[in-house]
Amino acid sequence: MTTEAAATRGRPLVGLFVTCLVDLFRPSVGFAAIKLLEDAGACVEVPESQTCCGQPAYNSGDRGQAKAIARRVVESFERFDYVVAPSGSCAGMLKAHYPELLADDPSFAARARALAAKSYELTSFLVEVLHFAAVDASFAASVTYHDSCSGLRELKVRDAPRRLLASVADLTLTEMEETEVCCGFGGAFSVKYPDIANAIVEAKARNIVKSGVNCVLAGDLGCLLHIAGKLAREDRAIECRHVAEVLAGMAEGPAIGHARKIG
Amino acid sequence: MSRMSGGSDDASPQSFKEGASRALADAKLQRALLNVKRGFIAKRALAKSKLPEFDQLRDEGRAIKDHTLAHLDLYLEAYERKVIGCGGSVHFAPSAADARDIVLRLCQDAGAHLVTKGKSMVSEEIGLNPHLEAAGVEVAETDLGEHIIQIRGEGPSHIIAPVIHLNKEDIAEDFARAHRGLPQGRSLATVQDLVAEARAVLREKFLGADVGITGANLLIAETGSSVIVTNEGNGDLTQTLPRMHIVIASIEKIVPTLEDACTILRLLARSGTGQEITTYTTFATGPARAGDSDGPRQYHVVLLDNGRSEMLGSEFRDMLRCIRCGACLNHCPVYGAIGGHAYGSLYPGPMGAVLTPALAGIDHARDLPSASSFCGRCEEVCPMAIPLPSLMRKWRERDFERGDPPLAQRLALKLWAFAAKRPRLYHGLGGVVAPLLARLAGAQGRFRSLPFAGAWTGTRDLPAPEGKTFHELYREKTRSGMR
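Residues numbered from 1 in each chain as written. Chains lettered and ligands numbered in written order. Predicted model: local features only at pLDDT ≥ 70, side-chain atom pairs only at ≥ 80, totals over all residues.

Right, let's talk about the overall build of chain B for a bit. When helices and strands are counted, chain B shows 23 helices and 12 strands. Considering only C-alpha atoms, chain B reaches an extent of 95 × 60 × 45 Å along its principal axes. Out of the 483 residues in chain B, the part that is buried amounts to 50%. Nonlocal contacts in chain B, meaning residues at least 24 apart in sequence, comprise 75% of its contacts between residues at least 6 apart. (Helix = DSSP H or I, 4+ residues; strand = E, 2+ residues; numbered from the N terminus. Buried ≥ 20, exposed ≤ 12 C-beta atoms within 10 Å, placed from the backbone. Contact = placed C-beta atoms within 7 Å.)

Turning to helix α8 (residues 144–152) of chain B, its buried residues number three or more, namely Gly145, Glu146, His147, Ile148 and Ile149 of chain B. Gly153 of chain B, located one to two residues past α8 of chain B, shows a positive phi value of around 70°.

With that settled, the discussion passes to the domain arrangement of chain A. All names here are of chain A. Parsing chain A into structural domains produces domain 1 (3–128) and domain 2 (134–247). Using only C-alpha atoms to locate each centre, domain 1 and domain 2 end up separated by 23 Å. Every element with two or more residues in the side of domain 1 that touches domain 2 is listed here: α2 (20–25), α3 (27–39), α4 (55–58), α6 (88–101) and α8 (122–129). (Domains from an automatic or database assignment.)

Before going further, it helps to examine the pairing of strand β2 (residues 114–117) of chain B. All names here are of chain B. Where β2 and strand β3 (residues 138–141) come together, 4 bridges link them in parallel fashion. Counted as the bridge partner of Val115 is Val139 from β3. Note that β2 and strand β4 (residues 211–214) share 3 bridges and pair parallel. When the bridges of β4 are listed, Lys117 appears paired with Ile213. (Pairing = 2+ DSSP bridges.)

So, about the environment of Val211 of chain B. All names here are of chain B. With respect to the element layout, Val211 can be found in strand β4. With 29 C-beta atoms counted inside 10 Å, the residue Val211 sits in the buried group. The residues touching Val211, leaving out its near neighbours within four places in the chain, are Cys107, Ala110, Ala112, Val115, Pro242, Met244 and Ile246.

Let us look at the sheet that holds strand β7 (residues 244–250) of chain B. All names here are of chain B. Reading across from one edge, β1-β10-β7-β4-β2-β3 is the order of the 6 strands in this open sheet, with parallel pairing throughout. Each edge of the open sheet carries a strand with a single partner, namely β1 (89–93) and β3. Within the sheet, the average angular offset between the axes of one strand and its neighbour, ignoring direction, is 20°. Inspection of the sheet shows β1 paired to strand β10 (residues 298–304) by 5 bridges, in the parallel sense. Bridge assignment links Ser89 to a residue of β10, and that residue is His300. (Axes fitted to C-alpha atoms, helices over the stretch in contact; angles between N-to-C directions.)

So, about the confidence of the model for chain B. Residue and element names in this part refer to chain B. On average, chain B scores 94 in pLDDT, and the residues at 70 or more come to 97%. Scored below 50 in pLDDT, residues 1–13 makes 30 contacts in the model with residues more than four places away or belonging to other chains. For this predicted complex, the interface confidence reaches an ipTM of 0.96, while the overall pTM sits at 0.95. (pLDDT = per-residue confidence, 0-100.)

Okay, the nonpolar core next. Among the nonpolar cores identified, the biggest contains 227 residues, and Val84 of chain A together with Val302 and Val354 of chain B are the most heavily contacted of them. When near neighbours in sequence (up to four residues on either side) are disregarded, Val84 of chain A contacts Val14, Leu16, Phe17, Leu37, Tyr120, Leu122 and Phe125 of chain A. (Core = buried A, V, L, I, M, F, W, Y, C linked by C-beta atoms within 7 Å.)

Let's shift gears to the sheet that holds strand β8 (residues 254–255) of chain B. Residue and element names in this part refer to chain B. Pairing is mixed across the open sheet formed by 4 strands, whose spatial order is β8-β5-β6-β9. This sheet does not close on itself; its edge strands, each paired only once, are β8 and β9 (280–284). The pairing of strand β5 (residues 218–220) with strand β6 (residues 225–230) spans 3 bridges and is classified as antiparallel. Looking across to β6, one finds that Leu218 is bridged to Val227.

Attention shifts here to the interface of chain B and chain A. Taken together, the contacts link 50 residues of chain B with 60 residues of chain A. Residue assignment for the side of chain B that touches chain A shows that the elements contributing at least two residues are α1 (13–25), α15 (333–338), α19 (388–401), α20 (407–420), α21 (423–441), α22 (454–457), β12 (462–463) and α23 (470–479) of chain B. For the side of chain B that touches chain A, the element with the highest residue contribution is α19 of chain B, accounting for 5 residues.

Now the structure itself:
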């Protein structure tokens with residue numbers, strides 16, 4: 001047990017990996033994640049030395065920079081019992097890719113593996129590690145859940161968000177068609193191949209509209225920015241929110257990309 | 001349509017994007033592409049669900065391929081001995097040009113005027129048809145899809161469904177134009193009409209052919225057999241009726257035993273078309289024996305390398321497990337959006353994005369491994385568990401190491417990485433940019449357009465940041481004792 005863990009009186013000490021998109025675009029998701037983790041019995045800390053998981057470099061083929069950033073993340077988070085991110089994509093980077101990325105670095109290979117073993121996506125951590133399956137929240141809306149690719153396929157996150165959503169009062173979950181199909185975001189892909197990304201998100205928007213819901217939830221802000229951007233361009237009155245906002249009962253603010261009060 | 005055989009390759013960096021834009025604007029193509037989703041995906045899912053041991057089978061298939069690749073030289077030699085023992089011949093072709101020349105020479109030795117062909121991606125890869133035709137040999141494709149693209153003068157847009165980019169109305173027009181000597185105004189309205197006409201036209205070719213050329217889905221070292229899977233039976237007529245059968249296959253098609261072949265066949269049909277087994281699965285072992293009532297008098301196998309040996313010793317070795325089922329194409333959102341021709345490569349989709357740079361060089365295929373959102377569905381459905389996104393990333397890494405991405409892109413990445421390694425600078429910048437964007441967006445909460453973000457805002461609004469960054473708000477809360 002770490003000294004911090006001892007200081008938290010047996011509660012698991014979680015390092016919150018905020019993710020760069022949440023940090024920049026939607027801090028409320030980060031605070032929602034903290035609330036959920038604390039409600040579930042964890043002690044949460046947010047290291048200030050964190051920036052990004054390194055995916056922009058990794059997926060652009062810049063392995064050198066990706067490694068440099070990965071080493072910093074390992075250093076920033078290895079003291080925690082767990083590392084949790086409100087994103088399947090960033091958690092997937094830590095869990096599925098860091099061990100391979102740092103495998104040939106003698107002073108980091110084992111540490112990257114250790115970090116990977118304790119890194120989780122938020123909803124699956126709540127359900128599978130903290131056994132927290134019911135939240136105290138209500139959200140009067142008909143929602144659909146978009147399965148983000150990395151979370152779904154690298155981390156097998158599928159049941160956890162749905163199980164938690166089932167405990168939200170007044171919420172109805174309707175599955176859309178092709179919920180497991182990519183939204184076309186793909187990080188830099190969305191601007192390097194904008195026409196293709198747009199065609200893919202158009203198909204996603206069609207499935208969302210067809211499902212008849214008034215709100216789309218997902219566990220990754222990247223997908224949500226993309227989907228919200230498309231729905232807004234099509235003038236659809238459908239909200240997009242991060243699943244953590246709803247689960248934490250913190251979904252009273254404007255939805256992603258929606259009009260808001262200034263002040 | 002570029003070919004793998006080198007020469008005048010037009011897959012310049014811009015051509016993929018141009019091809020993609022054309023494809024996205026082509027309403028007929030978009031309608032045809034819906035068939036990929038409606039057909040293949042649902043059928044594969046059903047076939048997989050009916051076979052509870054599918055994942056175990058996949059592990060077995062993968063192990064068979066890995067084992068074979070680790071001992072490829074031994075199995076190729078064993079296979080060659082078996083083929084010779086059965087009365088056939090094996091010709092090794094290091095390059096596409098070698099393979100073309102070998103096949104042409106065999107055809108000329110046989111005095112061939114007409115050659116029938118079963119569907120073969122390897123023959124497309126080496127550019128066989130133009131080579132034979134230039135030497136005065138008529139080539140008749142006998143797979144219905146291949147027959148259609150032959151009369152259209154284009155390449156396949158899918159590795160198992162060459163005309164998935166067409167609707168039946170397009171095909172009716174092609175038949176009316178290309179099938180000469182048939183009554184004008186005949187009905188070509190239904191699929192049955194089209195199939196009946198193709199069958200009648202092709203029957204003449206089958207009966208008149210001097211040489212039949214097929215590919216091979218598998219080559220079996222234990223027996224010296226070549227295996228083809230078809231749903232039309234054209235492959236059987238192609239390889240049985242003429243006096244010479246030429247099999248053209250790449251070296252990684254080999255498996256050790258008949259039992260191994262059966263394991264892979266079970267995966268192949270389910271993954272590709274969603275069938276438990278294809279309508280025809282045909283094993284050919286040597287020429288006709290004394291007393292056989294039919295079969296070719298000569299049996300030749302042309303084994304193509306064309307870059308595979310090099311892949312074997314490289315980080316792209318896993319790609320040699322590919323059994324060409326097409327599942328990765330069918331499940332790829334990019335392929336589903338633009339179809340096969342936009343890739344400017346014979347092998348499209350995720351498997352093409354890994355294979356094409358290996359065979360044709362990254363200079364001819366730079367966009368292919370790049371044009372992926374890394375959604376990972378290809379790897380998920382691959383019956384050989386090929387880590388396609390990881391392999392695409394390796395191509396991106398090679399490309400990056402060579403300094404090939406555009407300067408602006410590399411510079412942006414460099415600046416970003418500089419900041420990402422310096423948390424104080426990074427948070428400082430975020431602390432300026434996020435509130436600024438929030439103010440610029442105003443009450444709207446999003447951007448309809450934004451300088452330097454046109455690539456995004458051309459087709460999608462850009463949601464604006466909420467205001468202060470998370471880290472700034474968190475610091476404030478900590479300081480004020482709220483945390």
